[in-house]
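This is what each chain is made of:
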Amino acid sequence: MELRVAARKRFGAFLLDADFSVRGERIGVFGPSGGGKSTLVGIIAGLAGPDKGTIVLDDEVIFDSGAGRNVRPEHRRMGMVFQRPSLFPHLSVKGNLLYGFKRCPPEARKIAFDDVVEVLKIGNLLDRGVKHLSGGEKQRVAIGRAVLGSPRLLLLDEPLSALDDSLKFQIVPFLNEACEVFRIPYLFISHSLLEMRVMTDIVLHMAGGRVVEQTTAESLVRARMGEGKTGYINLLRLPEGRGVDGLYAFDWGGQRLLASSGNDQPGALFELSSRDIILFRGRPEAVSARNLLKCRVVDVFETGSRVGIELDCCGNRLVAEVVGQAAEELGVRAGGEIYAAIKATAFKKLG
Amino acid sequence: MPAFTAADYSAIFLSLKVAVVATLASLPFAFAAAYIMTYRRFRGRIAVDVAVNLPLTLPPVVIGYLLLILLGQQGFIGRMLLQPLGIKLIFSWKAAVIATSVVGFPLMVRSIRTAMEGIDERLVHASRLLGARALDTIMTVIVPLSVRGIIAGSVLMFARGLGEFGATVIVAGNIPGVTQTIPLAIYEYAGSPGDDAMALSLCAVSVSISVVVLVFHEWLGRRVVRRD
């Protein structure tokens, strides 16, 4: 998918001045509230017209103020998932799911109803009204409704923001799988870097109504890791764990990881702060931390007053963070060997 | 209770007919006006708002008189449109329908508009993005979600129509058997000595119809709530 936008829109004192060209399938739009993310989505969807400019999606001009062209929203074939599910309250789950499907020209329908129901696991909800669904169920139905319209581009406008943390990461796999299985490119809008890392490959960083850079979530996180209280959050996708002496053991690239919280489904995400990793130059004789990993230093980078150290542990990447003096004493350099100690309690399951 | 005359039955029937026809005829226009006021941004919106609501504040007699001037043989609409088409409105039951429609219109628009304003804008956006054209969105999202306002507005208009007096008496007159509705008949009985019982009987009919309408409204409202 290729999207080119060069458009301006003024709202009172706020000016959206977007000028970018992006190519990819999993694109993020990141920025603080009031940075222009939702306005940008609105003009791409056709819900608001730019004052002037052009918007081109895969070589089709969908807006051009010079040529007087403005494709109506119903003809743009874009799906949208909002922050709140915004399901039609007067229709059943099935009625909601089929709303876009019925209106999609038959030749453009690429996605089958039953497949979506299966991927999103909503088969048991079909005949129910939408008012009594749980928050997660509603958002899954909203995703299904948007996907069933066979959109050329899915606009995900903070679809996880209204969900609490545990629910958020229950929805992520559904969202990822639906877009992957049905090959729908998307723009994922959020102010959360964690969500950006899980959902996107390329990120348009917006601030003050402009796209200030085109980057990756990883770079944004590294640039900010010195500022936050939590440091860099390592995300680990772990297989199903098994109980060992009150802890859970996971196979992680041939090594055994011990964590205090388990997971009942394989592929669940765990987070680990860069500040919860203690580094040793040689192998310590004994440590209380239940995980001692032999690693190779891949990269050493400055991040504010601290030093970020990217580690390779049997093919898996981890980022640790130490103060400058500690880095000096450890003598870290790219290619060097180092031991990382991590407490079992430092791993936190997401969702 | 004294027996009703043929003219009385005719007044009861005519009242119902005028109220029903005025309600049904106004509904599409009131819906359109409410839709435009809720969803369209345009220059002169305030002027349209004032025009729609004006009958609410004007004395019905003033409305009746203005309609008489407009629709009469020498009036602008009467001369330009009605006469060439051979239509005579003034002093017919149709004039009573027009008078009732104009007087009740703002009530109907208000009810529908309040309901429309309560619809989450994202539902309308979602519908358009899912491929629905504007009319499709109106029929499949806006109408079903503003149905309570439509019912309430229709009931208000109907009730207002049953009680309409001032505008009707001027444009339609008070012709027994032709344009005389319940309020006009009561007015006539009340004005002639010894007919108090007849006036009271018609009042009882009026009260009964109103009670039936309100009960029906309540029942319909509950049905919609239950369906939700």
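Residues numbered from 1 in each chain as written. Chains lettered and ligands numbered in written order. Predicted model: local features only at pLDDT ≥ 70, side-chain atom pairs only at ≥ 80, totals over all residues.

**Considerations on the overall build of chain A**
Each helix and strand in chain A was counted, giving nine helices and 22 strands. Seen through its principal axes, chain A has C-alpha atoms that stretch 70 × 45 × 30 Å. Sorting the 351 residues of chain A into buried and exposed places 40% on the buried side. Counting contacts in chain A only where the partners sit at least 6 residues apart, residues at least 24 apart contribute 71% of the total. (Helix = DSSP H or I, 4+ residues; strand = E, 2+ residues; numbered from the N terminus. Buried ≥ 20, exposed ≤ 12 C-beta atoms within 10 Å, placed from the backbone. Contact = placed C-beta atoms within 7 Å.)

**As for the overall build of chain B**
Secondary structure assignment for chain B yields 11 helices and zero strands. The principal-axis extent of the C-alpha atoms belonging to chain B is close to 65 × 45 × 30 Å. Looking at chain B as a whole, 38% of its 228 residues qualify as buried. For chain B, the proportion of contacts with a sequence separation of at least 24, taken over those separated by at least 6, is 77%.

**Regarding helix α6 (residues 165-181) of chain A**
All names here are of chain A. Between its terminal C-alpha atoms α6 stretches 25 Å, which fits the 24 Å expected from 17 residues at 1.5 Å a residue. Where α6 is buried, its residues touch α4 (113-120), α5 (135-148), β8 (153-157) and β9 (186-190). Directly beyond the C-terminal end of α6, a positive phi value near 50° is found at R183. (Expected span 1.5 Å × (residues − 1).)

**Overview of the domain arrangement of chain A**
Residues and elements named next belong to chain A. What the domain assignment reports for chain A is domain 1 (2-224) and domain 2 (233-349). Summarising the inter-unit geometry, the C-alpha centres of domain 1 and domain 2 are found 34 Å apart. Element by element, the count of residues in the side of domain 1 that touches domain 2 is highest for helix α7 (residues 193-199), at three residues. In terms of residue class, the side of domain 1 that touches domain 2 is built from three nonpolar, no polar and two charged. (Domains from an automatic or database assignment. Nonpolar A, V, L, I, M, F, W, Y, C, P; charged D, E, K, R; others polar.)

**Quick look at the environment of L40 of chain A**
Take L40 of chain A: it is sitting in helix α1 (residues 37-45). Each C-alpha atom of the pair L40 of chain A and A7 of chain A lies 9.0 Å from the other, and the pair is 33 residues apart in sequence.

**Section: the interface of chain B and chain A**
Taken together, the contacts link 15 residues of chain B with 17 residues of chain A. Listed by contribution, the elements that provide at least two residues to the side of chain B that touches chain A are α6 (121-129) and α7 (134-145) of chain B. Ranked by the residues each element gives to the side of chain B that touches chain A, the list is headed by α6 of chain B, at six residues. In terms of residue class, the side of chain B that touches chain A is built from eight nonpolar, two polar and five charged.

**Things to note about the sheet that holds strand β15 (residues 255-259) of chain A**
Residues and elements named next belong to chain A. As summarised here, the arrangement of the three strands in space is β13-β14-β15, forming an open sheet in which the pairing is antiparallel. Either end of the sheet is taken by a strand with one partner, and the two such strands are β13 (242-244) and β15. Neighbouring strand axes in the sheet, compared pairwise and without regard to direction, differ in orientation by 45° on average. With three bridges connecting them, β13 and strand β14 (residues 247-252) associate as antiparallel partners. (Pairing = 2+ DSSP bridges. Axes fitted to C-alpha atoms, helices over the stretch in contact; angles between N-to-C directions.)

**Regarding unusual backbone geometry**
Residues and elements named next belong to chain A. One non-glycine residue, R77, lies in positive phi territory at about 50°. Locating R77 in the fold gives a position in the loop between α2 (73-76) and β7 (78-81). Classification of R77 by C-beta neighbours within 10 Å gives buried; the count is 21. Residues other than glycine seldom take positive phi values, yet K121 does so here, at roughly 50°. Structurally, the position occupied by K121 is in the loop between α4 and α5.

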